[in-house]
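Summary of the model geometry
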Amino acid sequence: MFTLAGVDKRYGPTVALDGVDLHIAAGHRTALIGPSGAGKSTVLRMLIGLEWPDRGEVRFDGERLRREALLEQRRRIGYVIQEGGLFPHLSAGDNAALLARTLGWSRERIQARLQELAALCQLPVDALRRFPSELSGGQRQRVGLVRALMLDPPVLLLDEPLGALDPVIRHELQAQMRTLFERLGKTVVMVTHDVAEAAYLADTLVLLREGRVVQQGTARRLNDSPAEPFVHEFLHAQRNLEDCL
Ligand code: ADP
C-alpha cells in the first residue's frame, strides 16, 4: 500500500530520516514505534504528503506521491491526530462533514453518514452538535475518527491517537478501536510510543531509532528475535506495576 525507498529528510542540521526503506502492506495494521524524535511522525506525515523527502521516494498504491495528484490521493486516506485536531469554531458535526461538503454531498447524505459513524465510533449523537471545547478528550478523539472515516477511505493514519487521554478512557478506546479496525478491514498505520498499545492494536510493528528502521515484524518476532539489543531494551523499557510492589 505504501513504500518508502531510500528516504532522507533533514530539518536544518537535524536528520529526521536517514535512508528509510519501508513497505506497509495493504489490509494490515502497522504501528510505528520508537523513542521520541526517532522519525515516526515524519514517516506518517510523508505518507499523506504533509512532508516531502529530500531524497528517495514515497509510493502509495504503486504510484509515486506527487504534489499535483495529492488532493485525489488524500481522499483515499483518513488522518487522525492527537485530540482529533478539530477546528474550535465549528461544531463536531461540521468538523466531521467539512470534506464531504466541499465534495458537494447533500445534507441528507451527510446527516445519514454522520449518524452511521457516530454509532460505529460510539459517540452520542448530541455530541455532534457541540463545539470541541464542550466535549471530553475521548469524545474529541471519537469525532476525529468520525471525520477521518467520513469518505470511507481505504487507509487510516493515526498520529498518537490516544496520547492525550487518561488511562481509563485510553484503555476503553483501545478496545473499541481494535474492534473497529477489525470490523472495517482498512489499512491502518499509527504512531504510538506505547509498546503495549502498539502490540494490542497492530499486527505489524516498525521500530525506528534516529531516523532509521531498526526492525519490522510482529510483536512476537521483535520480542523473540530482536535484530539488535536496542529492540529488546525498547520493548521492555516500560515498568510493570507488579515489579514495583
Ligand atoms: P517522533 O515522531 O518519532 O517523535 P519526529 O518525526 O516528530 O519524531 O521528528 C524527528 C526529528 O525531526 C526530531 O529530531 C524532531 O525534532 C525533528 N523535526 C520534526 N519536525 C520538525 C520541524 N518541522 N522542524 C524542525 N525539526 C523537526
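Look up a bit, the structure's there.
The rules we used
Residues numbered from 1 in each chain as written. Predicted model: local features only at pLDDT ≥ 70, side-chain atom pairs only at ≥ 80, totals over all residues. Heavy atoms only, no water. 1 Å grid on protein atoms, 1.4 Å probe; cavity = no way out; pocket = protein on both sides within 12 Å on 5 of 7 lines; lining within 4 Å. Points joined across faces, edges and corners; volume = space filled by probe spheres on them. Helix = DSSP H or I, 4+ residues; strand = E, 2+ residues; numbered from the N terminus. Nonpolar A, V, L, I, M, F, W, Y, C, P; charged D, E, K, R; others polar. Core = buried A, V, L, I, M, F, W, Y, C linked by side-chain atoms within 4.5 Å. Buried < 20%, exposed > 50% of the residue type's maximum accessible area, 1.4 Å probe, protein only. Contact = heavy atoms within 4.5 Å. Pairing = 2+ DSSP bridges.

Considering only enclosed or pocket space, the largest pocket measures out at about 610 Å³ in volume. Arg-74, Ile-77, Tyr-79, Leu-99 and Arg-147 are, among the 24 residues lining the largest pocket, the residues nearest its centre. Every element with two or more residues in the lining of the largest pocket is listed here: α2 (70-74), β6 (77-80), α3 (92-102) and α5 (137-149). The element contributing the most residues to the lining of the largest pocket is α3, with five residues. Its residues assigned to classes, the lining of the largest pocket shows 16 nonpolar, five polar and three charged. Looking at the second largest pocket, its volume works out to about 170 Å³. If you go around the second largest pocket, the residues you meet are Ser-91, Gly-93, Asp-94, Arg-101, Arg-107, Gln-111, Leu-114, Gln-115, Val-125, Leu-128 and Arg-129. Among the elements that make up the lining of the second largest pocket, the one with the highest residue count is helix α4 (residues 107-120) (four residues). Classifying every residue of the lining of the second largest pocket by side-chain character gives three nonpolar, four polar and four charged.

Core analysis: the biggest nonpolar cluster contains 47 residues, and Ile-33, Leu-145, Leu-156, Leu-158, Phe-181, Met-190 and Leu-207 have the highest contact counts within it. Leave out the neighbours within four places in its chain, and Met-190 touches Thr-30, Ala-31, Leu-32, Leu-158, Phe-181, Leu-201 and Ala-202. Ranked by size, the runner-up nonpolar core spans 27 residues in total, among them Ala-38, Val-43, Val-189 and Leu-208.

This part takes up the pairing of strand β9 (residues 204-209). Among the six residues of β9, five are classified as buried, and the element is accordingly described as predominantly covered. Taken together, the four bridges between strand β3 (residues 29-33) and β9 define a ladder with parallel strand orientation. Bridging across to β9, Thr-30 finds its partner in Thr-204. Two elements, β9 and strand β10 (residues 212-217), share five bridges in a ladder whose sense is antiparallel. Bridged to Val-206 within β10 is Gln-216. Following β9, the chain reverses through two residues before pairing antiparallel with β10; Glu-210 in that reversal takes a positive phi of roughly 50°.

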